[in-house]
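Commentary on secondary and tertiary structure
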Amino acid sequence: MSATQIITTVDFERPGKQTGVLAVPQSTNTSGWATEYIPIAVIRGAPGPTALIFGGNHGDEYEGPVVLMKLVRMLKPEDVRGRIIIIPMLNRPAIAAGTRLSPLDGKNMNRVFPGRADGTITETIAHYVSSVLFPLADLVIDIHSGGRSAHFLPLVSMHHVPDREQLRRMIDAALAWGAPYILLYRDVGGTGLLSGEAERMGKLTLGTEMGSAAQFGVDMLTLTERGVCNVLRQAGILVDHAPEQAIAPSQIMIADQYDDYIMAPVSGIFEPFFEMGAWVDVGQTIGQIHSVEHPFYDPVTVPARTDGLLISRRAFPLVRQGDCLATLARPWSLG
Ligand SMILES: [Zn+2]
């Protein structure tokens, strides 16, 4: 892995609280030495482990950015045993543009890990995260939501990693978050995820799906902020002595079959037959797709190929062939 081109204005070893940027070279037609800034904060207190927390990996998911900007303003070095590194908008160009993918190179930040030192801007940021930041971290949190494309029952997510001890520690941390659900998922939309790379490096890694753009509001933001702080307290990194808030136990679910992810067989307008949280049996019709070109043809029905709880559903009714319409998940335990 070659050296990064990215320069940072923060010193990861210095005690106290610093805010600064990652300076990413981004030459343009009008500015040869132009630089894209990705804000970063480091809060270092007494010796201890390091938490690395990301928001805005996808640009149309604003829950992480809002909660993490507030957290940086709130945290004091005396509240921290160890170090907290926060990047509230990992794909800031996409956050500013309101797009899921980067407007600068068209790439999906969460499909390019571990990245490339000499790649496009999205790839060089991912490479910096993999080669410079991950080695510093014990705990990695990547806050996502469904953005424009999907509604989710609020959940903390992870892959079913092969190391059983790592999986147990990740589930313990996810339980501390206090979201209604924990989901063990598989990659059906491609590989190269930030969380997958952190898991492979043996880090205690948590992702989330905190609702969607349409669910953005007080409840989801409270659940996100409380969850991050709970996980940091459980890890012994946040020692702010704030009163613990009571949380309901999470239900652990798994969607490990390819058929748990139901894709649109044709393009059109998707009419759902189930609300979020409903139980669907194999063979039941989850909805139907009406043709825009042929409005008086019979709609195409979409059957469930597995049993499961409807944990996510397409948010925007217009779908293209191959879009994910729904995800079904079943109760699971580590045993
Ligand atoms: Zn996302």
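Residues numbered from 1 in each chain as written. Predicted model: local features only at pLDDT ≥ 70, side-chain atom pairs only at ≥ 80, totals over all residues.

Quick notes on the nonpolar core
As a rule of thumb, nonpolar side chains are buried together in soluble globular proteins. By size, the foremost hydrophobic cluster in this structure holds 92 residues, and its most contacted members are Ala-51, Ile-84, Ile-141, Leu-183 and Ile-311. Domain assignment of the residues forming this core places at least three in each of domain 1 (7–254) and domain 2 (259–331). (Core = buried A, V, L, I, M, F, W, Y, C linked by C-beta atoms within 7 Å. Buried ≥ 20, exposed ≤ 12 C-beta atoms within 10 Å, placed from the backbone. Domains from an automatic or database assignment.)

Some details on the domain arrangement of the protein
Partitioning the protein into structural domains gives domain 1 (7–254) and domain 2 (259–331). Each of domain 1 and domain 2 has a C-alpha centre, and the two are 30 Å apart. The partner domain 2 presents 14 residues to the 17 residues of domain 1 that form the contact. Mapped onto the side of domain 1 that touches domain 2, the elements with two or more residues apiece are strand 7 (150–152), strand 9 (181–185) and strand 11 (251–255). Among the elements that make up the side of domain 1 that touches domain 2, the one with the highest residue count is strand 11 (4 residues). For the side of domain 1 that touches domain 2, the residue count by class is 11 nonpolar, 5 polar and 1 charged. (Contact = placed C-beta atoms within 7 Å. Helix = DSSP H or I, 4+ residues; strand = E, 2+ residues; numbered from the N terminus. Nonpolar A, V, L, I, M, F, W, Y, C, P; charged D, E, K, R; others polar.)

What to know about the pairing of strand 8 (residues 155–159)
Of all 5 residues in strand 8, 4 are buried, a share of seventy percent or more. Summarising the sheet, strand 8 and strand 9 pair through 5 bridges and their orientation is parallel. Of the residues in strand 9, the one forming a bridge with Leu-155 is Tyr-181. In the classification by handedness, the crossover that spans strand 8, the intervening helix 4 (residues 164–177) and the parallel strand 9 is right-handed. Pairing of strand 8 with strand 10 (residues 204–209), which is carried by 3 bridges, proceeds in the antiparallel orientation. Paired with Leu-155 across the two strands is Glu-209, which belongs to strand 10. (Pairing = 2+ DSSP bridges. Right-handed = clockwise from strand over helix to strand, strands pointing away.)

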